[in-house]
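Okay, here's what each chain looks like letter by letter:
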Amino acid sequence: MKKRVLALGCGLMAAATILAGCSSNLKQAPTTAAPTEAATTEAPTTQAEATTEAAKTEAAGGALSTGYAAISSIGKSTDAGEKDGLAEVDTMFAAVLVDGSGKIVDCKIDSVQTKVNFSKEGKLLTDIGTVVESKNELGEKYGMKKASGISKEWNEQADGFAKYVIGKTADEVKGIAVSADGVADDADLKATITVHIGDFINVVEQAVANAKSAGAQTGDKLGYGIVTGISKSKDAAADADGVAQAYSTYTIASFGADSKITSCVIDASQVNVNFDAAGKITSDLKAADFKTKNQLGEAYGMKKASAIGKEWNEQAASFAAYATGKTASEITGLAIDEKEGAPTDADLKASVTVGIGDFQEGISKAEANAK
């Protein structure tokens, strides 16, 4: 296996808010995401790898900004009729590290496709204990490889695009050639990516625009974790619509050489698809402005009910600040109240009263994929 140039760039943006409420005893969804690096002796084997390593080397010795974006849509949802109804929430996610010149130093792309079936009587058919894996976590179970003209799974193609944008600015990403069919029209990309790339371009562009300095430095490793559940979904009634809710928590963290968290950002999205007692969808399927909890800020409405007078985004930011400087195992080992899932640590519970189980799981996932 060819050795590569020491990858020097990882960081983390501090913009954010995540959702902290997925069930800790969820069931696994049906199938329907660092190596130790050494000095190089050989050149990277592809242009994308060469660009990646060059960009990371150029960024050596400086502070990095971290950005992320999560963009959701519900347009693929369908009414119940002869077939069961489907509430589908598709969320595209990207995390980036950006240097002082605005160039992307590292990039990771993932997507979550949350599917909830319901009957023509407005009753949920999907187990609300289901854990929804991201496309990167599903890997070959997602099932695109067998239909791919280049025999590459979705996660492989997303990773190829993420590597391709390293060394580019947001404007250069926005300028990537796209065919009339929505696929890559760039010679270097066409050989490795056949999926539509419009959403990739959009989410990366937004992630760069959101990038902020949060303490990450060149040499840190970037990781992320997405935790998604549907436990807050419910049946329709004669006087109230049912709801299929995709509840995703996003954790972005950078790790130093000593494995301690150098920066951390947490956010969440709570996307609903409503349906009535006749199995008809009542939500606007063209809706596109699904804000995360950090974007909502006080509009989320937790502050007025909070015993400590803090909004969800403020509490998520406090947890992220608490996690910084600690190892992932120290965070996952935090004691929690069995009833509420809130932390019992004296220093933490003064500023965080929400359940932290998904925060902890997100940190664990971030450490695992910080490569």
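1. So, the overall build of the protein chain
1) Next: Looking only at helices and strands, the protein chain has 11 helices and 9 strands in total.
2) Next: For the protein chain, with 371 residues in total, the buried portion stands at 47%.
3) Next: Accessible area for the protein chain stands at about 16600 Å²; split by element, carbon and sulfur atoms hold 49% of it.

2. With respect to unusual backbone geometry
1) Next: Unlike most non-glycine residues, Ser 151 shows phi in positive territory, near 55°.
2) Next: Its place among the elements puts Ser 151 in the loop between helix H2 (135-138) and helix H3 (154-164).
3) Next: In the Ramachandran plot, Ser 259 falls in the positive-phi region, its phi being about 70° despite a non-glycine side chain.
4) Next: Within the secondary structure, Ser 259 is located in the loop between strand E8 (242-255) and strand E9 (261-275).

3. Details of the packing of aromatic side chains
1) Next: Applying the stated criterion across every chain, the model contains 7 aromatic pairs.
2) Next: On the basis of an interplanar angle of 5° and a centroid distance of 5.7 Å, the ring pair of Phe 93 and Tyr 250 is categorised as stacked. Taken as a pair, Phe 93 in strand E3 (residues 85-98) and Tyr 250 in strand E8 lie far apart in primary sequence, 157 residues in all. For the pair Phe 93 and Tyr 250, one class covers both residues: buried.
3) Next: By way of ring pairs, the aromatic residues Phe 93, Tyr 224 and Tyr 250 are connected into one cluster.
4) Next: Stacked on the ring of Tyr 164, the Lys or Arg Lys 168 has its end atom at 4.0 Å from the ring centre.

4. Examining the nonpolar core
1) Next: Formed by 30 residues in total, the largest nonpolar core has its most connected members in Phe 93 and Ile 252.
2) Next: Residue assignment for this core shows that the elements contributing at least two residues are strand E2 (63-73), E3, strand E4 (104-118), strand E7 (221-229), E8 and E9.
3) Next: If you tally residues by element for this core, the top one is E3, at 5 residues.

5. Things to note about the pattern of salt bridges
1) Next: As enumerated under the stated definition, the model contains 8 salt bridges in all.
2) Next: Across the salt bridge formed by Lys 145 and Glu 140, the nearest N and O atoms sit 3.2 Å from each other.
3) Next: Between Lys 163 and Asp 159 there is a salt bridge whose closest N-O contact spans 2.7 Å. Of this pair, Lys 163 and Asp 159 both sit in helix H3, 4 residues apart, roughly one helical turn.
4) Next: With a relative accessible area of 31%, Lys 163 lands in the partly exposed category.
5) Next: In the salt-bridge network here, residues are joined through shared partners; they are Glu 137, Glu 361 and Lys 365.

6. Some thoughts on the pairing of E4
1) Next: Within E4, 13 of the 15 residues are buried, which leaves the element mostly enclosed by the surrounding structure.
2) Next: Taken together, the 14 bridges between E3 and E4 define a ladder with antiparallel strand orientation. Along E4, the bridge assignment pairs Phe 93 with Asp 110.
3) Next: In this structure, the hairpin formed by E3 and E4 is closed by a connection of 5 residues, where Gly 102 is found at a positive phi of approximately 85°.

7. What about the side chain of Ser 254?
1) Next: Turning to its location among the elements, Ser 254 is positioned in strand E8.
2) Next: Given a relative accessible area of 0%, Ser 254 falls into the buried group.
3) Next: Within the structure, the side chain of Ser 254 is placed 2.5 Å from the side chain of Thr 262, a separation counted as a polar contact.
4) Next: Reaching out from Ser 254, the side chain makes a polar contact with the side chain of Ser 263 at a distance of 2.5 Å.

8. Some remarks on the packing of H3 against helix H6 (residues 198-209)
Between two packed helices, both the angle of their axes relative to each other and the distance between the axes serve to describe the pair.
1) Next: At a closest axis distance of 11 Å, the pairing of H3 and H6 adopts a crossing angle of 50°. One element, H3, and the other, H6, form an angle in the oblique class. The crossing of H3 and H6 is right-handed. Seen from H3, the contacting residues are Trp 154, Gln 157, Ala 158 and Phe 161; seen from H6, they are Phe 200, Ile 201 and Val 204.
2) Next: Grouping the amino acids of the contact of H3 with H6 by side-chain chemistry returns 6 nonpolar, 1 polar and no charged.

Parameters at a glance
- Residues numbered from 1 in each chain as written.
- Predicted model: local features only at pLDDT ≥ 70, side-chain atom pairs only at ≥ 80, totals over all residues.
- Heavy atoms only, no water.
- Helix = DSSP H or I, 4+ residues; strand = E, 2+ residues; numbered from the N terminus.
- Buried < 20%, exposed > 50% of the residue type's maximum accessible area, 1.4 Å probe, protein only.
- Areas by Shrake-Rupley, 256 points an atom, 1.4 Å probe, with all protein chains shown as cover.
- Phe/Tyr/Trp six-rings, centres within 6.5 Å; stacked < 30°, edge-to-face > 60°.
- Lys NZ or Arg CZ within 6 Å of the ring centre and 35° of its normal.
- Core = buried A, V, L, I, M, F, W, Y, C linked by side-chain atoms within 4.5 Å.
- Salt bridge = Lys/Arg side-chain N within 4 Å of Asp/Glu carboxyl O.
- Pairing = 2+ DSSP bridges.
- Polar contact = N/O pair within 3.5 Å; in protein donor to acceptor, adjacent residues only side chain to side chain.
- Axes fitted to C-alpha atoms, helices over the stretch in contact; angles between N-to-C directions.
- Parallel < 35°, antiparallel > 145°, perpendicular 65-115°, else oblique.
- Left-handed = near helix turned anticlockwise from the far one by under 90°.
- Contact = heavy atoms within 4.5 Å.
- Nonpolar A, V, L, I, M, F, W, Y, C, P; charged D, E, K, R; others polar.

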